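The lines below spell out each chain.
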Amino acid sequence: MDSLTQIVLGASVGEAVLGKKVGNKAMLWGAVAGTIPDLDVLCRYVVDTVTAIEWHRGLSHSIFFSILAAPILGWVVWKLNKKEEASRKNWSLLMFWGLFTHPLLDAFTTWGTQLFWPFKTRLAFQSIFVIDPLYTLPFLVFLILAMFQKRTSSKRRRYNRLGLILSSSYLMLTLILKGVAHSKFLKSLDEQEIAYTDIDSRPTPFNSILWAANVDTPNAYLVGSYSFFDSQEVRFSPYRKNHELLGELKDEDKVRRLIAITEDWYTVSKQAGDIFLNDLRFGPLGFDTDAPKFAFTYQLLQGEKGVQVKEVPNSKEDAKKMLPMLWNRIWGN
(Lines give C-alpha, C1' and ligand atoms only; values in the text may rest on other atoms or scores of the structure.)
Protein backbone atom coordinates (compact mmCIF):
# COMPACT_ATOMS: atom_id res chain seq x y z
CA MET A 1 0.00 0.00 0.00
CA ASP A 2 1.01 3.66 -0.23
CA SER A 3 3.16 5.28 2.45
CA LEU A 4 0.33 7.25 4.08
CA THR A 5 -1.77 4.12 4.53
CA GLN A 6 1.12 2.20 6.07
CA ILE A 7 1.84 5.10 8.42
CA VAL A 8 -1.81 5.18 9.54
CA LEU A 9 -1.91 1.41 10.04
CA GLY A 10 1.40 1.39 11.93
CA ALA A 11 0.32 4.28 14.16
CA SER A 12 -3.02 2.62 14.95
CA VAL A 13 -1.34 -0.71 15.75
CA GLY A 14 1.17 1.12 17.96
CA GLU A 15 -1.69 2.77 19.81
CA ALA A 16 -3.45 -0.56 20.29
CA VAL A 17 -0.30 -2.15 21.72
CA LEU A 18 1.10 0.62 23.92
CA GLY A 19 -1.05 3.74 23.72
CA LYS A 20 -2.38 3.47 27.26
CA LYS A 21 1.17 3.56 28.66
CA VAL A 22 2.96 6.09 26.45
CA GLY A 23 0.20 7.99 24.64
CA ASN A 24 1.01 9.52 21.25
CA LYS A 25 4.55 8.16 21.34
CA ALA A 26 3.03 4.77 20.62
CA MET A 27 1.48 6.18 17.45
CA LEU A 28 4.76 7.83 16.48
CA TRP A 29 6.88 4.71 16.84
CA GLY A 30 4.16 2.54 15.34
CA ALA A 31 4.20 4.80 12.28
CA VAL A 32 7.98 4.47 12.09
CA ALA A 33 7.73 0.67 12.26
CA GLY A 34 5.04 0.72 9.59
CA THR A 35 7.34 2.67 7.28
CA ILE A 36 10.56 0.67 7.70
CA PRO A 37 9.73 -2.29 5.37
CA ASP A 38 9.37 0.07 2.40
CA LEU A 39 12.93 1.33 2.81
CA ASP A 40 13.82 -1.56 0.50
CA VAL A 41 13.05 0.83 -2.40
CA LEU A 42 16.43 2.44 -1.69
CA CYS A 43 18.12 -0.61 -3.19
CA ARG A 44 17.32 0.78 -6.65
CA TYR A 45 20.25 3.18 -6.15
CA VAL A 46 22.81 0.41 -5.63
CA VAL A 47 21.63 -2.50 -7.80
CA ASP A 48 20.27 -2.94 -11.33
CA THR A 49 16.57 -2.58 -12.16
CA VAL A 50 15.73 -6.29 -12.25
CA THR A 51 17.47 -7.02 -8.94
CA ALA A 52 15.72 -4.06 -7.32
CA ILE A 53 12.34 -5.41 -8.46
CA GLU A 54 13.20 -8.87 -7.13
CA TRP A 55 14.22 -7.44 -3.76
CA HIS A 56 11.16 -5.17 -3.44
CA ARG A 57 8.71 -6.58 -0.90
CA GLY A 58 11.13 -9.40 -0.21
CA LEU A 59 13.20 -9.79 2.96
CA SER A 60 11.95 -6.58 4.60
CA HIS A 61 8.34 -7.69 4.06
CA SER A 62 8.73 -11.12 5.63
CA ILE A 63 7.76 -12.70 8.93
CA PHE A 64 11.46 -13.52 9.35
CA PHE A 65 12.43 -9.83 9.20
CA SER A 66 9.66 -8.82 11.64
CA ILE A 67 10.83 -11.39 14.20
CA LEU A 68 14.52 -10.56 13.72
CA ALA A 69 14.26 -6.75 13.66
CA ALA A 70 11.60 -6.22 16.35
CA PRO A 71 13.80 -6.86 19.44
CA ILE A 72 16.66 -4.80 17.97
CA LEU A 73 14.44 -1.84 17.12
CA GLY A 74 12.56 -2.32 20.40
CA TRP A 75 15.84 -1.97 22.31
CA VAL A 76 16.73 1.23 20.39
CA VAL A 77 13.32 2.81 21.06
CA TRP A 78 13.46 1.73 24.70
CA LYS A 79 16.84 3.46 25.05
CA LEU A 80 15.38 6.64 23.55
CA ASN A 81 12.33 6.54 25.83
CA LYS A 82 13.70 5.35 29.17
CA LYS A 83 11.58 7.85 31.08
CA GLU A 84 8.43 6.09 29.91
CA GLU A 85 6.98 3.22 31.93
CA ALA A 86 7.05 0.88 28.93
CA SER A 87 9.61 -1.91 29.08
CA ARG A 88 11.98 -3.11 26.39
CA LYS A 89 9.65 -6.04 25.81
CA ASN A 90 6.70 -3.65 25.37
CA TRP A 91 8.54 -1.65 22.73
CA SER A 92 9.71 -4.81 20.96
CA LEU A 93 6.12 -6.02 20.78
CA LEU A 94 5.01 -2.68 19.33
CA MET A 95 7.77 -2.80 16.71
CA PHE A 96 6.91 -6.39 15.77
CA TRP A 97 3.25 -5.62 15.09
CA GLY A 98 4.15 -2.42 13.24
CA LEU A 99 6.58 -4.32 11.02
CA PHE A 100 4.38 -7.38 10.51
CA THR A 101 1.07 -5.69 9.70
CA HIS A 102 2.78 -3.77 6.88
CA PRO A 103 3.44 -6.84 4.65
CA LEU A 104 0.18 -8.40 5.83
CA LEU A 105 -1.71 -5.48 4.28
CA ASP A 106 0.52 -5.52 1.18
CA ALA A 107 -0.47 -9.15 0.61
CA PHE A 108 -3.92 -7.95 -0.44
CA THR A 109 -2.51 -5.84 -3.30
CA THR A 110 -1.73 -6.83 -6.89
CA TRP A 111 2.04 -6.78 -6.34
CA GLY A 112 1.76 -8.93 -3.24
CA THR A 113 4.63 -9.69 -0.88
CA GLN A 114 7.13 -12.42 -0.05
CA LEU A 115 5.71 -12.88 3.43
CA PHE A 116 7.39 -16.27 3.77
CA TRP A 117 10.83 -15.23 2.51
CA PRO A 118 13.30 -16.91 1.87
CA PHE A 119 10.71 -19.07 0.12
CA LYS A 120 9.97 -17.39 -3.22
CA THR A 121 6.20 -17.75 -3.05
CA ARG A 122 4.62 -14.31 -3.46
CA LEU A 123 1.36 -13.89 -1.55
CA ALA A 124 -1.01 -11.65 -3.54
CA PHE A 125 -4.77 -11.73 -2.97
CA GLN A 126 -5.18 -8.86 -5.48
CA SER A 127 -8.28 -7.48 -3.81
CA ILE A 128 -7.27 -3.85 -3.16
CA PHE A 129 -5.38 -1.24 -5.17
CA VAL A 130 -2.21 0.19 -3.61
CA ILE A 131 -4.06 3.48 -3.04
CA ASP A 132 -7.67 3.17 -1.93
CA PRO A 133 -9.25 6.23 -0.26
CA LEU A 134 -12.14 4.15 1.14
CA TYR A 135 -9.65 2.15 3.17
CA THR A 136 -7.35 4.97 4.24
CA LEU A 137 -9.44 8.09 4.87
CA PRO A 138 -11.96 6.75 7.45
CA PHE A 139 -9.04 5.01 9.19
CA LEU A 140 -7.11 8.30 9.28
CA VAL A 141 -10.10 10.23 10.70
CA PHE A 142 -10.51 7.83 13.64
CA LEU A 143 -6.77 7.87 14.29
CA ILE A 144 -6.77 11.68 14.48
CA LEU A 145 -9.77 11.62 16.81
CA ALA A 146 -7.94 9.17 19.07
CA MET A 147 -4.77 11.28 18.97
CA PHE A 148 -6.48 14.24 20.65
CA GLN A 149 -7.82 12.22 23.58
CA LYS A 150 -5.99 11.64 26.84
CA ARG A 151 -3.99 8.42 26.83
CA THR A 152 -6.12 6.93 29.61
CA SER A 153 -9.41 7.94 27.97
CA SER A 154 -11.80 5.18 26.97
CA LYS A 155 -12.78 7.34 23.97
CA ARG A 156 -9.20 7.14 22.70
CA ARG A 157 -9.25 3.35 22.68
CA ARG A 158 -12.75 3.31 21.20
CA TYR A 159 -11.83 5.61 18.30
CA ASN A 160 -8.71 3.61 17.53
CA ARG A 161 -10.59 0.33 17.75
CA LEU A 162 -13.29 1.64 15.39
CA GLY A 163 -10.63 2.64 12.87
CA LEU A 164 -9.07 -0.82 12.96
CA ILE A 165 -12.43 -2.58 12.73
CA LEU A 166 -13.69 -0.39 9.88
CA SER A 167 -10.50 -0.72 7.81
CA SER A 168 -10.24 -4.47 8.41
CA SER A 169 -13.91 -4.96 7.52
CA TYR A 170 -13.42 -3.06 4.27
CA LEU A 171 -10.40 -5.22 3.49
CA MET A 172 -12.50 -8.35 3.97
CA LEU A 173 -15.25 -6.82 1.83
CA THR A 174 -12.80 -6.38 -1.06
CA LEU A 175 -12.23 -10.15 -1.05
CA ILE A 176 -15.96 -10.70 -1.45
CA LEU A 177 -16.18 -8.07 -4.20
CA LYS A 178 -13.26 -9.70 -5.99
CA GLY A 179 -15.02 -13.07 -5.81
CA VAL A 180 -18.19 -11.63 -7.35
CA ALA A 181 -16.28 -9.80 -10.11
CA HIS A 182 -14.13 -12.86 -10.87
CA SER A 183 -17.26 -15.00 -11.20
CA LYS A 184 -18.69 -12.45 -13.62
CA PHE A 185 -15.58 -12.67 -15.79
CA LEU A 186 -15.74 -16.47 -15.82
CA LYS A 187 -19.43 -16.40 -16.74
CA SER A 188 -18.82 -13.92 -19.57
CA LEU A 189 -15.99 -16.01 -20.99
CA ASP A 190 -18.24 -19.06 -20.94
CA GLU A 191 -21.17 -17.23 -22.56
CA GLN A 192 -18.92 -15.81 -25.28
CA GLU A 193 -17.33 -19.25 -25.82
CA ILE A 194 -13.81 -17.92 -25.39
CA ALA A 195 -11.20 -20.63 -24.92
CA TYR A 196 -8.50 -19.67 -22.45
CA THR A 197 -5.77 -21.23 -20.33
CA ASP A 198 -5.59 -18.81 -17.40
CA ILE A 199 -7.33 -15.78 -15.90
CA ASP A 200 -6.20 -13.18 -13.39
CA SER A 201 -8.42 -10.45 -11.89
CA ARG A 202 -7.61 -7.28 -9.95
CA PRO A 203 -9.14 -3.96 -8.83
CA THR A 204 -8.59 -0.87 -10.95
CA PRO A 205 -6.91 2.24 -9.43
CA PHE A 206 -8.38 3.94 -6.36
CA ASN A 207 -11.60 1.90 -6.03
CA SER A 208 -13.19 -1.51 -5.50
CA ILE A 209 -16.16 -1.02 -7.85
CA LEU A 210 -14.42 -1.44 -11.21
CA TRP A 211 -12.43 -4.62 -11.76
CA ALA A 212 -10.17 -5.82 -14.56
CA ALA A 213 -9.17 -9.26 -15.76
CA ASN A 214 -6.32 -10.62 -17.87
CA VAL A 215 -7.19 -13.70 -19.90
CA ASP A 216 -4.52 -15.89 -21.49
CA THR A 217 -5.37 -17.22 -24.97
CA PRO A 218 -3.00 -18.85 -27.50
CA ASN A 219 -2.10 -15.73 -29.52
CA ALA A 220 -3.12 -12.79 -27.35
CA TYR A 221 -4.04 -11.65 -23.89
CA LEU A 222 -7.59 -10.44 -23.48
CA VAL A 223 -8.22 -7.64 -21.02
CA GLY A 224 -11.75 -7.06 -19.77
CA SER A 225 -13.32 -4.71 -17.24
CA TYR A 226 -16.41 -5.08 -15.10
CA SER A 227 -18.15 -2.49 -12.93
CA PHE A 228 -20.88 -3.30 -10.44
CA PHE A 229 -22.87 -0.60 -12.27
CA ASP A 230 -22.57 -2.34 -15.66
CA SER A 231 -25.71 -3.07 -17.66
CA GLN A 232 -24.00 -4.77 -20.61
CA GLU A 233 -21.86 -7.88 -20.90
CA VAL A 234 -18.13 -7.79 -20.33
CA ARG A 235 -16.14 -6.83 -23.42
CA PHE A 236 -12.65 -8.26 -23.80
CA SER A 237 -9.99 -6.37 -25.77
CA PRO A 238 -7.05 -8.27 -27.32
CA TYR A 239 -3.40 -7.37 -26.74
CA ARG A 240 -1.00 -9.32 -28.94
CA LYS A 241 1.71 -11.12 -27.01
CA ASN A 242 4.46 -10.57 -29.62
CA HIS A 243 6.79 -12.75 -27.56
CA GLU A 244 8.69 -13.64 -30.74
CA LEU A 245 10.01 -10.05 -30.89
CA LEU A 246 12.38 -10.90 -28.04
CA GLY A 247 14.37 -13.22 -30.29
CA GLU A 248 17.65 -14.20 -28.64
CA LEU A 249 17.01 -11.70 -25.84
CA LYS A 250 14.69 -14.24 -24.24
CA ASP A 251 17.74 -16.31 -23.25
CA GLU A 252 19.45 -13.39 -21.49
CA ASP A 253 19.60 -13.73 -17.69
CA LYS A 254 17.98 -10.40 -16.83
CA VAL A 255 15.21 -10.90 -19.38
CA ARG A 256 14.43 -14.38 -18.06
CA ARG A 257 14.29 -12.99 -14.52
CA LEU A 258 12.06 -10.12 -15.62
CA ILE A 259 9.68 -12.56 -17.31
CA ALA A 260 9.62 -14.62 -14.10
CA ILE A 261 8.69 -11.47 -12.16
CA THR A 262 5.71 -10.90 -14.49
CA GLU A 263 4.62 -14.50 -13.89
CA ASP A 264 4.42 -14.81 -17.71
CA TRP A 265 1.83 -12.02 -17.98
CA TYR A 266 3.71 -9.83 -20.43
CA THR A 267 3.59 -8.41 -23.95
CA VAL A 268 6.45 -7.22 -26.13
CA SER A 269 6.48 -4.17 -28.38
CA LYS A 270 8.99 -2.62 -30.74
CA GLN A 271 9.40 1.11 -31.33
CA ALA A 272 12.10 2.72 -33.47
CA GLY A 273 14.16 -0.46 -33.25
CA ASP A 274 13.97 -0.65 -29.45
CA ILE A 275 12.39 -3.59 -27.63
CA PHE A 276 10.00 -3.03 -24.72
CA LEU A 277 8.58 -5.58 -22.29
CA ASN A 278 5.22 -4.66 -20.73
CA ASP A 279 4.16 -6.15 -17.38
CA LEU A 280 0.49 -6.97 -17.93
CA ARG A 281 -0.29 -7.80 -14.28
CA PHE A 282 -1.09 -4.14 -13.62
CA GLY A 283 -2.84 -3.65 -16.94
CA PRO A 284 -2.85 -0.84 -19.48
CA LEU A 285 -3.23 2.82 -18.59
CA GLY A 286 -6.76 3.46 -19.81
CA PHE A 287 -8.73 1.55 -22.42
CA ASP A 288 -6.94 2.44 -25.66
CA THR A 289 -6.03 -0.82 -27.44
CA ASP A 290 -4.68 0.89 -30.57
CA ALA A 291 -1.75 2.58 -28.82
CA PRO A 292 -1.69 1.09 -25.33
CA LYS A 293 0.53 2.28 -22.54
CA PHE A 294 1.11 0.07 -19.54
CA ALA A 295 1.61 0.78 -15.85
CA PHE A 296 5.02 -0.93 -15.97
CA THR A 297 7.11 -1.02 -19.14
CA TYR A 298 10.79 -1.93 -19.39
CA GLN A 299 13.15 -1.05 -22.22
CA LEU A 300 15.67 -3.76 -23.12
CA LEU A 301 18.99 -2.22 -24.17
CA GLN A 302 21.86 -4.15 -25.72
CA GLY A 303 25.24 -3.06 -24.39
CA GLU A 304 28.83 -4.20 -24.07
CA LYS A 305 28.03 -5.72 -20.68
CA GLY A 306 24.97 -7.58 -21.99
CA VAL A 307 21.33 -6.57 -21.80
CA GLN A 308 20.41 -3.64 -19.59
CA VAL A 309 16.83 -3.22 -18.35
CA LYS A 310 15.49 0.30 -17.92
CA GLU A 311 12.07 1.08 -16.45
CA VAL A 312 10.12 3.55 -18.59
CA PRO A 313 8.60 6.24 -16.33
CA ASN A 314 4.97 7.24 -16.73
CA SER A 315 4.22 10.90 -17.35
CA LYS A 316 1.71 13.21 -15.69
CA GLU A 317 -0.07 13.38 -19.03
CA ASP A 318 -0.69 9.63 -18.86
CA ALA A 319 -2.39 10.08 -15.47
CA LYS A 320 -4.43 13.03 -16.72
CA LYS A 321 -5.75 10.94 -19.60
CA MET A 322 -6.38 7.84 -17.48
CA LEU A 323 -8.31 9.37 -14.58
CA PRO A 324 -11.30 10.74 -16.59
CA MET A 325 -11.59 7.45 -18.50
CA LEU A 326 -11.45 5.52 -15.24
CA TRP A 327 -14.07 7.74 -13.60
CA ASN A 328 -16.48 7.37 -16.52
CA ARG A 329 -15.95 3.61 -16.74
CA ILE A 330 -16.66 3.10 -13.02
CA TRP A 331 -20.27 4.23 -13.52
CA GLY A 332 -21.07 1.46 -15.98
CA ASN A 333 -20.88 0.61 -19.67
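See the structure printed just above.
All figures in this text were calculated on a predicted structure; none of them were measured in a lab.

J.: I would appreciate a short explanation of the layout of surface pockets in the present structure.
T.: In this approach, a probe sized like a water molecule rolls over the atoms, and the result shows the empty space that is left. Looking at the second largest pocket, its volume works out to about 410 Å³. For the second largest pocket, the lining is made up of 21 residues, of which Gln271, Asn278, Pro292, Lys293 and Phe294 are closest to its centre. Those elements that place two or more of their residues in the lining of the second largest pocket are β4 (236-240), β5 (266-271), β6 (274-284) and β7 (294-303). Ranked by residue count, the leading element in the lining of the second largest pocket is β5, at four residues. Taken together, the residues that form the lining of the second largest pocket break down as nine nonpolar, nine polar and three charged.

J.: I would appreciate a short explanation of a negative patch on the surface in the present structure.
T.: Taken together, the side chains of Asp190, Glu191, Glu193 and Glu233 present a region of like negative charge at the surface. In this structure, Glu233 sits in the loop between β3 (220-227) and β4. Under the relative-accessibility criterion, Glu233 is labelled partly exposed at 46%.

J.: What exactly am I supposed to notice about the nonpolar core here?
T.: Most often, soluble globular proteins have nonpolar side chains that are buried together. The biggest cluster of nonpolar side chains holds 19 residues, and the ones touching the most others in it are Leu246, Leu258 and Leu300. Of all the secondary structure elements, the ones that give two or more residues to this core are α3 (49-55), α8 (253-262), β5, β6, β7 and β8 (306-312). The element best represented in this core is α8, accounting for four residues. Discounting chain neighbours no more than four positions away, the residues touching Leu300 are Leu246, Leu249, Val255, Leu258, Ile275, Val307, Gln308 and Val309. Listed in part, the 18 residues of the second largest apolar core include Val22, Ala69, Trp91 and Leu94.

Reading the values: the criteria
- Residues numbered from 1 in each chain as written.
- Predicted model: local features only at pLDDT ≥ 70, side-chain atom pairs only at ≥ 80, totals over all residues.
- Heavy atoms only, no water.
- 1 Å grid on protein atoms, 1.4 Å probe; cavity = no way out; pocket = protein on both sides within 12 Å on 5 of 7 lines; lining within 4 Å.
- Points joined across faces, edges and corners; volume = space filled by probe spheres on them.
- Helix = DSSP H or I, 4+ residues; strand = E, 2+ residues; numbered from the N terminus.
- Nonpolar A, V, L, I, M, F, W, Y, C, P; charged D, E, K, R; others polar.
- Patch = residues over 30% accessible without salt bridge, like charges linked within 9 Å, V, L, I, M, F, W, Y side chains within 5 Å.
- Areas by Shrake-Rupley, 256 points an atom, 1.4 Å probe, with all protein chains shown as cover.
- Salt bridge = Lys/Arg side-chain N within 4 Å of Asp/Glu carboxyl O.
- Lys, Arg positive; Asp, Glu negative; His and termini not counted.
- Charge placed at Lys NZ, Arg CZ, Asp CG, Glu CD.
- Buried < 20%, exposed > 50% of the residue type's maximum accessible area, 1.4 Å probe, protein only.
- Core = buried A, V, L, I, M, F, W, Y, C linked by side-chain atoms within 4.5 Å.
- Contact = heavy atoms within 4.5 Å.

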